[in-house]
Amino acid sequence: MNSLLGKRILLGVSGGIAAYKSADLVRKLRERGADARVVMTRSACEFITPLTMQAVSGKPVHVELLDYKAEGAMGHIDLARWADMILVAPASANFMSRVAQGQADDLLSTLCLAASVPVIMAPAMNQQMWLNPATQRNVALLKDYQVTLLGPGVGDQACGETGPGRMLEPLELIDALAKSFLSDRMSGLKVVVTAGPTREAIDPVRYISNRSSGRMGYAVARAASEAGGHVVLVSGPTAIDPPEHVRHCPVITAAEMHNSVMAEIDDAAIFIAAAAVADYRCNQAADKKIKKDNDELELLLKKTPDILAAVANRKLPPFTVGFAAETHSLSDYAQQKLINKKLDMVAANQVGENQGFDTKDNELEVFWSGGGVRLERAPKEKLARQLIHLIANRYHEKNTAQAH
Ligand code: C5P
């Protein structure tokens, strides 16, 4: 699985001779389908120019913390929100020391401190500097702060010495990065996900539908697959390609989605209903195109089957997660839904003008019996991974509790 596809990697470059490898790193990240943005420290600019990094990344390079031009486009908060992961390569002894001490005196160190996503560093320095107790103390501190270190490698150094301190090669870094997006939290579990809108025919050329793009559901399916799940994605019509390694079951109507889910649910461990299922369909779709002869036209609508409720009400339901898209009183409705529909978890998002549907970003309030958490505004792919993490945790907690 190419787990780097579409991932947003913020590549930090600090000042060291290995910075010349960072250009190749960006190129290779892009070859793997990742979206890379580069942030450089001022001393990194002595080793490789921002222009080079801009050319290879195809994006503006960020250097200054308080850059009024960058702030207008993508300031440090936006960058932190955007990233799925921060990789600092090379990480110099000085840069590691600054982050270990909690200093935020330039853009890159600020981003490392402000990050709510994994921070990975690839140290690169002279072997004596690496072995120095001060550096080793900083290494221990960084590990304590959940920073992952990749390398350094051992071998010939630019300064002519031999020993530990070489930055790992770009390919080694990329492989490690790709692995870090995979987990085994849903290993071996069958996960059924619904996504997208449904279409309910009015006549052969018209239908009732909604603005759902399917993006959230597809991102959830992909994240579940990256967590090791065997994912079945039952999807209404969307314009996006299904993720690789996910079994795609395309449907059009709510009734078809219901049938497709029911055919898959018996051995499912987890059900995630991210689809925006049409609540009503025409009682009787016309078999010929309706003519506009009258000023008014009445359509008699009938409720569609509630797929989520049907799954949650089974004798032995899977771990069941619903979504709640509301224009107001979000958390009240969501918590009611959790109880009324007997869900294990509900993920609520505000919808309305430029929010929720058909947008790249979203924010979620997630509730379960006795708890809840707010997932801050972020790209849907990133939210999906956070949600899958929460679902996996709750799923395992519930199973452990039931086993006792
Ligand atoms: O009750 P409401 O439609 O607001 O609940 C939304 C949740 O129920 C979503 O998770 C949606 O996928 C699911 N749903 C469903 N079948 C329906 C309507 C909603 O599975 N017919």
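So, how was this worked out
- Residue indices begin from 1 for each chain and proceed along its sequence in written order.
- For this predicted model, a pLDDT threshold of at least 70 governs which residues receive local features, and a threshold of 80 or more governs which side-chain atom pairs are given and counted, while totals over whole chains, interfaces and linings are taken from all residues.
- Here the side-chain values reflect all heavy atoms present in the structure, with hydrogen atoms and water set aside.
- Domains are outlined according to an automatic or database domain assignment.
- Contact definition: two residues touch when any of their heavy atoms are within 4.5 Å.
- Buried area: the accessible area, evaluated with a 1.4 Å probe, that two parts lose upon being put together, summed over both parts.
- The working definition used for a salt bridge is a side-chain nitrogen of Lys or Arg within 4 Å of a carboxyl oxygen of Asp or Glu.
- For helices the rule is a DSSP run of H or I covering at least 4 residues; for strands it is a run of E covering at least 2, with both sets numbered from the N terminus onward.
- Relative accessibility decides the category of a residue: with a 1.4 Å probe and only protein chains considered, values under 20% of the type maximum give buried, values over 50% give exposed, and everything between is partly exposed.
- Multiplying 1.5 Å by the residue count of a helix minus one yields the expected span of that helix.

A.B. asks: Requested: an account of the domain arrangement of the protein, with residues and values cited.
C.D. replies: When the domains of the protein are assigned, the result is domain 1 (8-180) and domain 2 (190-403). Each of domain 1 and domain 2 has a C-alpha centre, and these two points are 38 Å apart. Each partner contributes residues to the interface: domain 1 has seven residues there, and domain 2 has seven residues. Taking both sides of the interface into account, the surface hidden between domain 1 and domain 2 amounts to around 510 Å²; carbon and sulfur atoms contribute 40%.

A.B. asks: Lay out the pattern of salt bridges with the relevant residues and their values.
C.D. replies: Counted under the stated rule, the structure contains 29 salt bridges. Across the pair Asp35 and Lys59 runs a salt bridge whose closest N-O atoms are separated by 2.6 Å. Here Asp35, found in strand S2 (residues 35-40), pairs with Lys59, found in the loop between helix H3 (50-57) and helix H4 (68-74); they are 24 residues apart in sequence, far enough to count as distant. Asp35 gets classed as partly exposed once you look at its relative accessible area, which sits at 26%. Judged by its relative accessible area of 23%, Lys59 is partly exposed.

A.B. asks: So what's going on with helix H11 (residues 215-226)? Which residues, and what values?
C.D. replies: If you check H11, its first and last C-alpha atoms are 16 Å apart, about what twelve residues at 1.5 Å a residue would give, namely 16 Å. Within H11, eleven of the twelve residues are buried, leaving the element largely enclosed by the surrounding structure. Taken together, the buried positions of H11 are occupied by Arg215, Met216, Gly217, Tyr218, Ala219, Val220, Ala221, Ala223, Ala224, Ser225 and Glu226. After H11 finishes, the residue Gly228 shows a positive phi value of roughly 95°.

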